[in-house]
Structure formats: C-alpha cells, structure tokens
Amino acid sequence: MAEKIMPEDNIILIEIGGNDLLAGAPSSEFGRALDALLFKVSAPGRTVLMFELPLLPNKIAYAQIQRRLATKYGVLLIPKRFLVEVIGGANATSDGLHLSEAGTRRMAELVGQVLLPVLKSPVATNKPRA
C-alpha cells in the first residue's frame with residue numbers, strides 16, 4: 001500500500017503489527033519491516049500517525065520499537081487506549097479482533113477526533129531522516 005502513496009498525500013494513518021503479534025513474529029522482524037515502511041512514507045510536509053499496539057507484557061519490545069521509530073521519523077503515536085476502547089466496545093468486532101460495521105463507525109469517529117487538531121493546524125513536518 002505504501003507504494004500507492006502520492007506526493008500530494010499529506011496525511012498517512014498507519015495501523016500495523018497486530019498480525020505479527022498474533023503470529024508470534026520476532027520483534028526484530030517487525031522492527032525491520034516498520035522501519036522500512038516509515039522510511040518510505042515519511043516526507044517533509046507530510047503528517048504520519050500510527051496506532052500504538054495494545055500489548056501483552058511479554059511483547060513489550062514491539063512497543064519499544066514503535067516508540068523508537070516514531071521518534072526517528074517524527075510519527076505521531078495514537079495511544080493504545082484508543083484502539084482498545086474501540087475493540088472493547090459493544091458489538092465492535094465480528095470475532096473479537098476484526099471490526100464490525102459498528103466498530104468501523106466508532107473507529108472512523110476516533111480517527112476523526114485524533115486528526116481534528118492536525119487538520120486545524122499547519123501540517124506538521126517530519127524530522128529529517130537519520
């Protein structure tokens with residue numbers, strides 16, 4: 001999907017890593033893939049937001065990687081409590097993980113709330129690539 005991003009796309013929203021967690025992928029593999037993705041999508045004048053993964057205590061390395069790479073690329077992290085709030089809501093998922101129609105609506109509302117301050121202010125500029 002990152003290959004389809006156009007130069008005029010000013011806001012990128014990323015929700016990634018849940019399948020890696022469920023499949024038991026090593027955090028180092030997740031980190032390499034996320035680093036490559038953020039390198040590809042980060043650009044001056046573009047705002048990149050990423051959902052922070054809700055994690056189990058034995059998967060804390062994923063959170064450390066997300067935070068480190070968010071800082072490296074100037075990505076704004078959406079706190080995990082927002083994603084948990086949506087997934088944990090009544091009738092929000094079809095199987096405990098994938099969003100239902102009601103969950104999709106709630107997620108759209110949440111993303112709108114998160115993006116509102118970004119859309120009202122001048123576009124944030126990502127930090128230069130390291």
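Right above here is the structure, for reference.
These numbers were taken from a predicted model, which means no experiment stands behind them.

**Q** Explain the layout of surface pockets here, please?
**A** Gaps between atoms show up when a probe of the same size as a water molecule is rolled over them. Taken as a whole, the largest pocket spans an internal volume of roughly 530 Å³. Residue lining of the largest pocket: 19 residues in total, with Glu15, Gly18, Asn19, Ile87 and Leu97 positioned closest to the centre. Those elements that provide at least two residues to the lining of the largest pocket are helix H1 (18-23) and helix H4 (80-87). Quantified by volume, the second largest pocket comes out at close to 320 Å³. Every residue along the wall of the second largest pocket is listed here: Met1, Ala2, Ile5, Ile12, Leu13, Ile14, Glu15, Ile16, Leu37, Val41 and Phe51. Elements that contribute at least two residues to the lining of the second largest pocket include exactly strand E1 (11-14) and helix H2 (27-41). Per-element accounting of the lining of the second largest pocket gives the leading share, three residues, to E1. Looking at side-chain class alone, the lining of the second largest pocket contains 10 nonpolar, no polar and one charged residues.

**Q** It is not clear to me how unusual backbone geometry should be interpreted in this structure. Could you clarify?
**A** Negative phi values dominate among residues other than glycine, just as trans dominates among peptide bonds. Here Asn91, not a glycine, exhibits a phi torsion of approximately 55°, which is positive. With respect to the element layout, Asn91 can be found in the loop between H4 and helix H5 (101-120). Residue Asn91 is classed as exposed on the basis of its relative accessible area of 63%.

**Q** Sorry, what's going on with the packing of H2 against helix H3 (residues 60-73) here?
**A** When two helices pack together, their arrangement is given by the angle between their axes and by how far apart the axes lie. Axis separation between H2 and H3 bottoms out at 10 Å; the angle between their running directions is 20°. Considering the angle they form, H2 stands roughly parallel to H3. As for how H2 packs across H3, the hand of that crossing is right-handed. The segment H2 lies against H3, with Ser27, Phe30, Gly31, Leu34, Asp35, Leu38 and Phe39 engaging Ala61, Tyr62, Ile65, Gln66, Leu69, Lys72 and Tyr73.

**Q** Can you help me understand the sheet that holds strand E3 (residues 76-78) in this one?
**A** Adjacent strands of a sheet pair through backbone hydrogen bonds, lying either parallel or antiparallel. Taken together, the three strands give an open sheet; going across it, the order is E1-E2-E3, and neighbouring strands pair in parallel fashion. One side of each edge strand has no neighbouring strand; the edge strands of this open sheet are E1 and E3. Between one strand axis and the next, the sheet turns through 20° on average, direction left out of account. Relative to the sheet, H5 contacts E1, strand E2 (47-51) and E3, its axis offset from that of E2 by approximately 145°.

**Q** Looking at this structure, I do not really get the nonpolar core. What am I missing?
**A** Nonpolar side chains tend to gather and get buried jointly when the protein is soluble and globular. Judged by nonpolar contacts, the single largest core of 18 residues is most densely connected at Ile14, Leu34, Leu38, Val41, Val48, Met50 and Val75. Excluding residues that lie within four positions of it along the chain, Met50 makes contacts with Ile14, Leu34, Leu38, Gln66, Ala70, Val75, Leu76, Leu77 and Ile78.

**Q** Sorry if this is basic, but what is going on with the packing of aromatic side chains here?
**A** Working definition: an aromatic ring pair is given by the centre-to-centre distance plus the angle between the planes. Counted under the stated rule, the structure contains one aromatic pair. Ring centres of Phe30 and Tyr62 lie 4.6 Å apart, and the angle between their planes is 35°; this geometry places the pair in the tilted category. One end of the pair, Phe30, is in helix H2; the other, Tyr62, is in helix H3, with 32 residues separating them in the sequence. Across this residue pair, the class does not change: Phe30 and Tyr62 are buried. Arg81 extends its terminal NZ or CZ atom over the ring of Phe82, reaching a point 4.7 Å from the ring centre.

Conventions we followed
The written sequence of each chain sets the order in which its residues are numbered from 1. Confidence filtering applies because this is a predicted model: local features only for residues at pLDDT of at least 70, side-chain atom pairs given and counted only at 80 or more, and all residues used for totals across whole chains, interfaces and linings. Each side-chain value is worked out from all heavy atoms of the structure, with water and hydrogens disregarded. Detection works on a 1 Å grid of protein atoms alone, calling trapped sets that fit a 1.4 Å probe cavities and calling open sets with protein on both sides within 12 Å along at least five of seven lines pockets, with lining residues defined by an atom within 4 Å of a point. Grid points are joined across faces, edges and corners, and a volume is the space filled by probe spheres set on the points. Segments assigned H or I by DSSP are reported as helices when at least four residues long, segments assigned E as strands when at least two residues long, and all are numbered from the N terminus. Only Asp, Glu, Lys and Arg are considered charged in this grouping, and only Ala, Val, Leu, Ile, Met, Phe, Trp, Tyr, Cys and Pro are considered nonpolar; every other residue, Gly among them, is considered polar. Only protein chains enter the accessibility calculation, which uses a 1.4 Å probe; a residue is then buried when its area is under 20% of its type maximum, exposed when over 50%, and partly exposed in between. Working convention: axes come from line fits to C-alpha atoms, limited for helices to the stretch in contact. Angles between N-to-C directions cover 0 to 180 degrees. An angle below 35 degrees is read as roughly parallel, one above 145 as roughly antiparallel, one from 65 to 115 as roughly perpendicular, and any other as oblique. Take the far helix as your reference; a near helix turned counterclockwise from it by less than a right angle gives a left-handed crossing, and one turned clockwise gives a right-handed crossing. Every residue pair with non-hydrogen atoms within 4.5 Å of one another is taken to be in contact. Here the rule is simple: two strands pair whenever DSSP picks up at least two bridges between them. Put simply, buried Ala, Val, Leu, Ile, Met, Phe, Trp, Tyr and Cys residues joined by side-chain atoms within 4.5 Å make one nonpolar core. Pairing of aromatic side chains requires ring centres within 6.5 Å, counting the rings of Phe and Tyr and the six-membered ring of Trp. Pairs whose planes differ by under 30 degrees are stacked, by over 60 edge-to-face, and all others tilted. Think of it as a cone above the ring: NZ of Lys or CZ of Arg counts as a charge over the ring if it is within 6 Å of the ring centre and within 35 degrees of the ring normal.

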